[in-house]
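Take a look at the letters that make up each chain.
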Amino acid sequence: MGIQVYGFWRSIASFRVRVALRLKGLPFEEIPIDILSGEQFEPGYEAVNVERVVPTFIHDGHSVFQSLAILEYLDEIHPEPRLIPEDAKERAYARSLALMTIADSHPLVVPRVRNHLARAFGADAKAIEAWGEHWTTEGLATYERLLARRPAAPFALGAKPGLADICIAGQVVGAHFLKLGLAPFPAVAALADRCFALPAFATSHPFEQPGFKTASAHH
Ligand SMILES: N[C@@H](CCC(=O)N[C@@H](CS)C(=O)NCC(=O)O)C(=O)O
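Residues numbered from 1 in each chain as written. Predicted model: local features only at pLDDT ≥ 70, side-chain atom pairs only at ≥ 80, totals over all residues. Heavy atoms only, no water.

Examining the pairing of strand E3 (residues 56-59)
Move 1: Residues Thr56 and Ile58 line one face of E3 and the alternating positions Phe57 and His59 line the opposite face, and both faces are buried.
Move 2: Where strand E1 (residues 3-7) meets E3, four bridges bridge the pair, whose relative direction is antiparallel. Looking at the pairing, Ile3 lines up with His59 of E3.
Move 3: One ladder, built from four bridges, connects E3 with strand E4 (residues 62-65); its direction is antiparallel. Considered in E4, the bridge of Thr56 is made with Phe65. (Buried < 20%, exposed > 50% of the residue type's maximum accessible area, 1.4 Å probe, protein only. Helix = DSSP H or I, 4+ residues; strand = E, 2+ residues; numbered from the N terminus. Pairing = 2+ DSSP bridges.)

Shown next, in the form of structure tokens:
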């Protein structure tokens, strides 16, 4: 039965899962759920994911949701190469870096938040874009301060890319959507360049997904 991922080309959380699977060399099938047109709210998908978000990871018929839980599960069923170090202090640091975007920064810019700003507070497209820029920049600035305190060598935790790098690269993807310059965040930019030089990251970027290509052809 293998691995299926319900995801979406633009979804940063789906990006995190695609990179992890490719770093581990695990083949998978991505089943697209168009979260911009509201496909996540259809009953068929709600049966798959009660939170009505992507990604949902299916392994031999067993489902796991939330990208951090999915990455931890992958490390448990397929430990090499490790995404999360074994040492307790390093594990905690990797998870702390990951949660900065997963828990604190990225949730502020997802479609349901942007849509609620429009519906409940009358925010127009310009205001919503400014909101996205603000929180994406805050996240990048936090990562820049973190990387100044403990420089990447050459990845966030050392020689190999892992959970923290995947999450930082995802924050940078948010900057790409908004066409934000990374000049104020040189350590983040250098780390992202190192990540996107690797095929697992490069081929997982939203702009490389078939859904992006189809969407751009129509606009
Ligand atoms: N914390 C979740 C994030 C899930 C999430 O919010 N996914 C977004 C796409 S990146 C989504 O499906 N949004 C649908 C919506 O906002 O309506 C994870 O890391 O998996």
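Quick notes on helix H7 (residues 163-178)
Move 1: Look at H7: 24 Å from first C-alpha to last across 16 residues, which is about the 22 Å you get at 1.5 Å a residue.
Move 2: Counted residue by residue, H7 has 14 buried out of 16 residues, so it is predominantly covered.
Move 3: Just past H7, the residue Lys179 takes up positive phi, approximately 55 degrees. (Expected span 1.5 Å × (residues − 1).)

Some remarks on the pattern of salt bridges
Move 1: Considering all chains together, one arrives at eight salt bridges under this definition.
Move 2: In this structure, the salt-bridge partner of Glu72 is Arg95, at a minimum N-O distance of 2.9 Å. Within this pair, whereas Glu72 is found in helix H3 (residues 67-77), its partner Arg95 is found in helix H4 (residues 88-105), the two being separated by 23 residues in sequence.
Move 3: Overall, Glu72 belongs to the buried group, its relative accessible area being 18%. (Salt bridge = Lys/Arg side-chain N within 4 Å of Asp/Glu carboxyl O.)

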